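Notes for the structure review
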Amino acid sequence: MVGLALALFSMPFVSGLFTAFRVPLTTRNVLLREIIFFALAALVLFIIRRKEHLGWDSVGLQRPALGNTFKWVLITFAGVLVALSVAFGFIKLFKLPVGSSDSAAWDALPTWVLLVVIIRAGFVEELFSRGYAIERLQSLTGSLIFAAGIPLVIFAVSHYRQGQAGIMIAFLAGAVLTGVYVYKRNLWITITVHFLGDFIPNILERLFAAKQ
């Protein structure tokens, strides 16, 4: 239960504190927040091994078959692209604003800081919202629908700083990641796709723009 509380609510809680106290998005403050997130992930990993006495395969972190994992990374990435297309279709249809009030502050951060954030998001968010939460909720309730649905909703709503558009994007893209994890039980697939989905628009585009 402690692990589930950490996986489902610790990141939204910490982000909410930073928002409530209007902590500016400076390099130092962002790195402090990321250190806290990594520490929370380390605590969950400690719980898995030392308190639950389970292996990494209990959250989909077993040693992967590289060929099959690569194939499913491509399939999942394509699925996320379709989900994003659907999301942006709805955003355009309902004329929802895209972006957040923090966009300018994020754009002002050094590229290496954004890379730290993206690496953390890919690993920690997938560990919490997919690997740990789904596995433990299914074990506790016996319901795969409940185990997959509750973390997905929390994952989507936690993107509230990006407005209704951000929540919709997170929900539809997250639904693809959730579906693939439930089917394959290989967290490396969703970690990789999550990382790429953040890395390409936030790092690659910035690097290309800087060269022009």
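To be clear, the structure that these remarks concern was listed above.
This section reports on the structure supplied with the text. (Residues numbered from 1 in each chain as written. Predicted model: local features only at pLDDT ≥ 70, side-chain atom pairs only at ≥ 80, totals over all residues. Heavy atoms only, no water.)

This paragraph deals with unusual backbone geometry. At H53, a residue that is not glycine, the phi angle is positive and equals roughly 55°. The residue H53 is located in the loop between helix 2 (27–51) and helix 3 (66–93) in this model. Overall, H53 belongs to the exposed group, its relative accessible area being 63%. One non-glycine residue, K95, lies in the positive phi region at around 55°. In this fold, K95 is placed in the loop between helix 3 and helix 4 (103–108). (Helix = DSSP H or I, 4+ residues; strand = E, 2+ residues; numbered from the N terminus. Buried < 20%, exposed > 50% of the residue type's maximum accessible area, 1.4 Å probe, protein only.)

Quick look at the packing of helix 5 (residues 111–141) against helix 6 (residues 144–157) now. With their axes 8 Å apart at the nearest point, helix 5 and helix 6 run at an angle of 150° to one another. If you check the angle between helix 5 and helix 6, you find them roughly antiparallel. Crossing handedness for the pair helix 5 and helix 6: right-handed. Here helix 5 contributes E125, S129, R130, A133, I134, L137, Q138 and T141 to the contact with helix 6, which in turn contributes L144, F146, A147, A148, I150, P151, L152 and F155. Classifying every residue of the contact of helix 5 with helix 6 gives eleven nonpolar, three polar and two charged. (Axes fitted to C-alpha atoms, helices over the stretch in contact; angles between N-to-C directions. Parallel < 35°, antiparallel > 145°, perpendicular 65-115°, else oblique. Left-handed = near helix turned anticlockwise from the far one by under 90°. Contact = heavy atoms within 4.5 Å. Nonpolar A, V, L, I, M, F, W, Y, C, P; charged D, E, K, R; others polar.)

Before going further, it helps to examine the packing of helix 1 (residues 2–20) against helix 2. At a closest axis distance of 10 Å, the pairing of helix 1 and helix 2 adopts a crossing angle of 175°. Relative to helix 2, the element helix 1 is oriented roughly antiparallel. Along the contact surface, helix 1 presents V2, G3, L6, S10, M11, V14, S15 and F18, while helix 2 presents N29, L32, R33, I36, F37, L40, L43, V44 and I47. Tallied by class, the residues present in the contact of helix 1 with helix 2 amount to twelve nonpolar, four polar and one charged.

Structural measurements only, silent on function.
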